[in-house]
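Structural description and commentary
Each chain is listed here by its residues.
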Amino acid sequence: MDIYLLEAIINGILLGGVLALLALGLNLIFGVIDVVWIAYADIVMCGMYVVYWLYVELHWPLALACAAGIVGTAGLGVLVHLLIIQPILGSAPINQLLATGGLLFFLQSFATLIFGTEFRNLGIRLPIIELGDIFISYARLLAFAVALVGAVALYLFLKRTYIGTAIRAIAQDRDIVGLMGVDQRRVYLVTSAIGGALAGLAACLLSLQYDVHPFIGNTFGPLIFMICVLGGLGDMIGGFIAAFVISQIIAIAGYYTNTELSYVLAFTFFIVLMFVRPRGIFSR
Amino acid sequence: MRARDLTLAAGLAVLGTVPLFAPPYFMHLLIQILLWGFIYTAWSMMGRFGFVSLGHGAFMGVGAYVPALLWNYWAVTPWIGIPLGVALAVLLALVIGYPCFRLRVLGHYFALVTLALSQVVMLSITAARDITGGSLGMTQRAVGQSWYALQFPDKRYFYAISLALWLVGLAVWRMIDRGIGREALEAISEDEEAAAAVGIDVMREKLRVTVISAALTALGGAIFGQYLMYLNPETVSGIAVSLQIVFAAIVGGMYAMLGPTVGAFITILLNEGLRVAFATNFIGAANTIYGVLLILCIIFMPRGIMGLLDRVRVRRVAKVAHHEGSAKA
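An account of the accompanying structure is given in this report.

Parameters and conventions
Residues numbered from 1 in each chain as written. Chains lettered and ligands numbered in written order. Predicted model: local features only at pLDDT ≥ 70, side-chain atom pairs only at ≥ 80, totals over all residues. Heavy atoms only, no water. Helix = DSSP H or I, 4+ residues; strand = E, 2+ residues; numbered from the N terminus. Rg over C-alpha atoms; globule rule 2.2 N^0.38 Å. Buried < 20%, exposed > 50% of the residue type's maximum accessible area, 1.4 Å probe, protein only. Contact = heavy atoms within 4.5 Å. Areas by Shrake-Rupley, 256 points an atom, 1.4 Å probe, with all protein chains shown as cover. Buried area = accessible area lost by both parts, 1.4 Å probe. Salt bridge = Lys/Arg side-chain N within 4 Å of Asp/Glu carboxyl O. Polar contact = N/O pair within 3.5 Å; in protein donor to acceptor, adjacent residues only side chain to side chain. Core = buried A, V, L, I, M, F, W, Y, C linked by side-chain atoms within 4.5 Å. Axes fitted to C-alpha atoms, helices over the stretch in contact; angles between N-to-C directions. Parallel < 35°, antiparallel > 145°, perpendicular 65-115°, else oblique. Left-handed = near helix turned anticlockwise from the far one by under 90°. Nonpolar A, V, L, I, M, F, W, Y, C, P; charged D, E, K, R; others polar. Pairing = 2+ DSSP bridges. 1 Å grid on protein atoms, 1.4 Å probe; cavity = no way out; pocket = protein on both sides within 12 Å on 5 of 7 lines; lining within 4 Å. Points joined across faces, edges and corners; volume = space filled by probe spheres on them. Phe/Tyr/Trp six-rings, centres within 6.5 Å; stacked < 30°, edge-to-face > 60°. Lys NZ or Arg CZ within 6 Å of the ring centre and 35° of its normal.

On to the overall build of chain B, then. Counting its secondary structure elements, chain B contains 15 helices and zero strands. Against the compact-globule benchmark of 20 Å for 329 residues, chain B has a radius of gyration of 21 Å, which places it among compact chains. When its C-alpha atoms are laid out on the principal axes, chain B stretches across 75 × 50 × 40 Å. A total of 329 residues make up chain B; the buried ones form 53% of that total. Summarising the internal contacts of chain B: among those between residues at least 6 apart in sequence, 79% fall at separations of at least 24. About 15100 Å² of surface is accessible on chain B, with carbon and sulfur atoms providing 68% of the total.

So this is what it looks like as structure tokens:
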């Protein structure tokens, strides 16, 4: 096999890790609260700016800046739920989607207002690993590993803790769970916080690889929705697998053509698949 | 009814005579309001029945790029290019709409599929950078004042064209609103199975309104391109434009005929006002306020400004009726 193609495939798998992490967060929120946060990628953008600001401007240690970024986005997640979702929890789902669309406008322009439109990066250059003739960026490998650890941690949390069990129960049947004495409001808040924290974790990993700018959410935001829908909205394992399918399409098509066309192919694949399997690849 | 006719005539007279005295900048704003108002109206024809499309950026992009490319490369007049662009947009709407409706892709799923469509169109235009100029955009080959090329440096021509287009949009809205299709569509958006059970051809009604909406949006995009003489994939297609269309329509109120136009009026004035007020010091200021307004709008008045006005009016009428009733008693 062509060595460059192999490199593209490996890089695709590594990118898939971060996308999978984001898909997990979005799916968790959808599965539990039944809301699509269309501004999810922009919460990631906010996390990236927090890390950038603390590390570059205030000279915090990187680990501390990342931790603050995660806490910050978790808080943002709670705020989004309290201020935007909660007041319209009873109205049509599409209204909730659109309200978070307003948030998308707000976050993007607020970031522009504070940081301007320049591309900014942490100025960290992680080494590149050579495996034979294949070059793998250390940042991507790290991102992949951390994303996997994050996914496993989320799994354990959902399986092993009381509140995790309550979250899974609500995703299955939100009416009955109330009767079982579960405080729905609290579960929603915890879910929003976890969703935000996952976005923050992804933000830390992405800020090691990419420059941050106010509109970075537009580049991979639509991708995350596609991934979630492909996996079946709310289906976390489906979304996890779909993240790797999509990232492979992008990586391999990108190798043969160019970046834009590979995205075109991924979106077209998504549209076609929606028609073949409207409730996700793994639906029965 | 006579009073309303009079208001209508007076309104049209004002709109008709504006170009005689308005300065160019003012004209530019008016043209933008009319053209965007037209496009928002076209979107609302679907939106009001619960088909929230995030793909109208795709139709607008196709409508704008096809005539521009044909003109630049083969010197085909926009009089042929625009219908071709509209036809292509309609084809796109059918290719996406038919399976969506057949397979019952609704709500979130419909919004996300159409979002993917607008990304496909935007990225395709960007990817074909050898002929479209990619993300740098493209300009139509200028030939000065010409009906053949549909190019008018004089803003008054485009004002007249936009005004006519806007009126056509309102007329189509009225046609749908008055026709039997409206009741069918309302029934469908309430309960699709029940609608089908009483003999409504669900598929035909949905496709018809989708095709009309897509065609008008493409037409609006084409005229917008001819007016600006500059196209950029980010400004005429893609997620940003699609969301802009949806939001302005919601803010104005997508259930009333003039709602989308009110949305265009408010968003453009807000944008310009903030731009003038803050100069370029705060690039994001306008959209920051815009975003907050949107969230507030969706939470507190999901039927938009026109919906709010309607409610106030209904309440006043109810109050008057109540007074009359108690006076008699």
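Size of an interface, as often reported, equals the accessible area lost when the parts are brought together. With 43 residues of chain A in contact, the opposing surface of chain B contributes 45 residues. For the pairing of chain A and chain B, the buried interface totals around 3700 Å² over both sides, and the portion due to carbon and sulfur atoms is 83%. When residues of chain A are sorted by the area they lose upon contact with chain B, Leu98, Phe105 and Phe275 of chain A head the list and together hold 19% of the total. Between arginine 129 of chain B and glutamate 260 of chain A there is a salt bridge, with its nearest N and O atoms 3.0 Å apart. Across the contact surface, chain A and chain B share two residue pairs in polar contact (both at pLDDT 80 or more). Of all the secondary structure elements, the ones that give two or more residues to the side of chain A that touches chain B are α3 (62-85), α4 (93-115), α9 (216-231) and α11 (259-276) of chain A.

In this section: the nonpolar core. Core analysis: the biggest nonpolar cluster contains 206 residues, and Trp37, Phe270 and Ile271 of chain A together with Trp36 and Val113 of chain B have the highest contact counts within it. Setting aside its immediate chain neighbours within four residues, phenylalanine 270 of chain A contacts Met226, Val229 and Leu230 of chain A together with Leu112, Val113 and Ala116 of chain B.

Before going further, it helps to spend a moment on the packing of helix α2 (residues 40-57) of chain A against helix α8 (residues 184-207) of chain A. Residue and element names in this part refer to chain A. Here α2 crosses α8 at 55°, and the two axes come no closer than 8 Å. Between α2 and α8, the crossing angle belongs to the class labelled oblique. Crossing handedness for the pair α2 and α8: right-handed. Side by side, α2 and α8 meet where Tyr40, Ile43, Val44, Gly47, Met48 and Val51 of the first sit next to Gly195, Leu198, Ala199, Ala203, Cys204, Leu206 and Ser207 of the second. Of the residues belonging to the contact of α2 with α8, the class tally is ten nonpolar, three polar and no charged.

The next thing to look at is unusual backbone geometry. Residues and elements named next belong to chain B. One non-glycine residue, arginine 104, adopts positive backbone phi at about 60°. Looking at the secondary structure, you find arginine 104 in the loop between α4 (78-102) and α5 (107-127). Phi at methionine 229 is positive, roughly 60°, even though this residue is not glycine.

Here we come to the pairing of strand β2 (residues 134-137) of chain A. The alternating pattern of β2 of chain A places Ile134 and Ile136 of chain A on a buried face, while none of Phe135 and Ser137 of chain A, on the opposite face, is buried. In sequence, strand β1 (residues 128-131) of chain A turns back onto β2 of chain A through a hairpin of two residues, with glycine 132 of chain A there showing a positive phi of about 65°.

Bringing empty space enclosed by the protein into the picture now. Residue and element names in this part refer to chain B. Within this structure, the stated rule accounts for three cavities of 30 Å³ or more. Put simply, the largest cavity is a space of about 70 Å³. Lining the largest cavity we find Met46, Ser53, His56, Phe59, Ala93, Ile96, Gly97, Phe101, Phe110, Thr114, Leu117 and Thr210. Residue assignment for the lining of the largest cavity shows that the elements contributing at least two residues are α3 (56-74), α4 and α5. When residues of the lining of the largest cavity are assigned to their parent elements, the largest contribution, four residues, is made by α4. In terms of residue class, the lining of the largest cavity is made up of seven nonpolar, five polar and no charged.

Let's shift gears to the packing of aromatic side chains. All names here are of chain B. Taken as a whole and judged by the stated rule, the model has 18 aromatic pairs over all chains. Seen in terms of ring centroids, tryptophan 147 and tyrosine 157 are 6.0 Å apart; in terms of plane orientation they differ by 75°. Their pairing is edge-to-face. Taken together, the positions of tryptophan 147 in the loop between α6 (129-132) and α7 (155-178) and tyrosine 157 in helix α7 put the pair ten residues apart, joining distant regions of the chain. You can call tyrosine 157 partly exposed: its relative accessible area is 31%. Relative to phenylalanine 158, the ring of phenylalanine 152 lies with its centre 5.6 Å away and its plane at 65°, an arrangement referred to as edge-to-face. Note on phenylalanine 158: relative accessible area 1%, which makes it buried. Linked through ring pairs, Trp147, Phe152, Tyr157, Phe158 and Tyr227 together constitute an aromatic cluster. A cation over a ring is seen here: arginine 141 above tryptophan 71, with NZ or CZ 4.7 Å from the ring centre. One Lys or Arg, arginine 303, reaches over the ring of tyrosine 255 and ends 4.3 Å from the middle of that ring.

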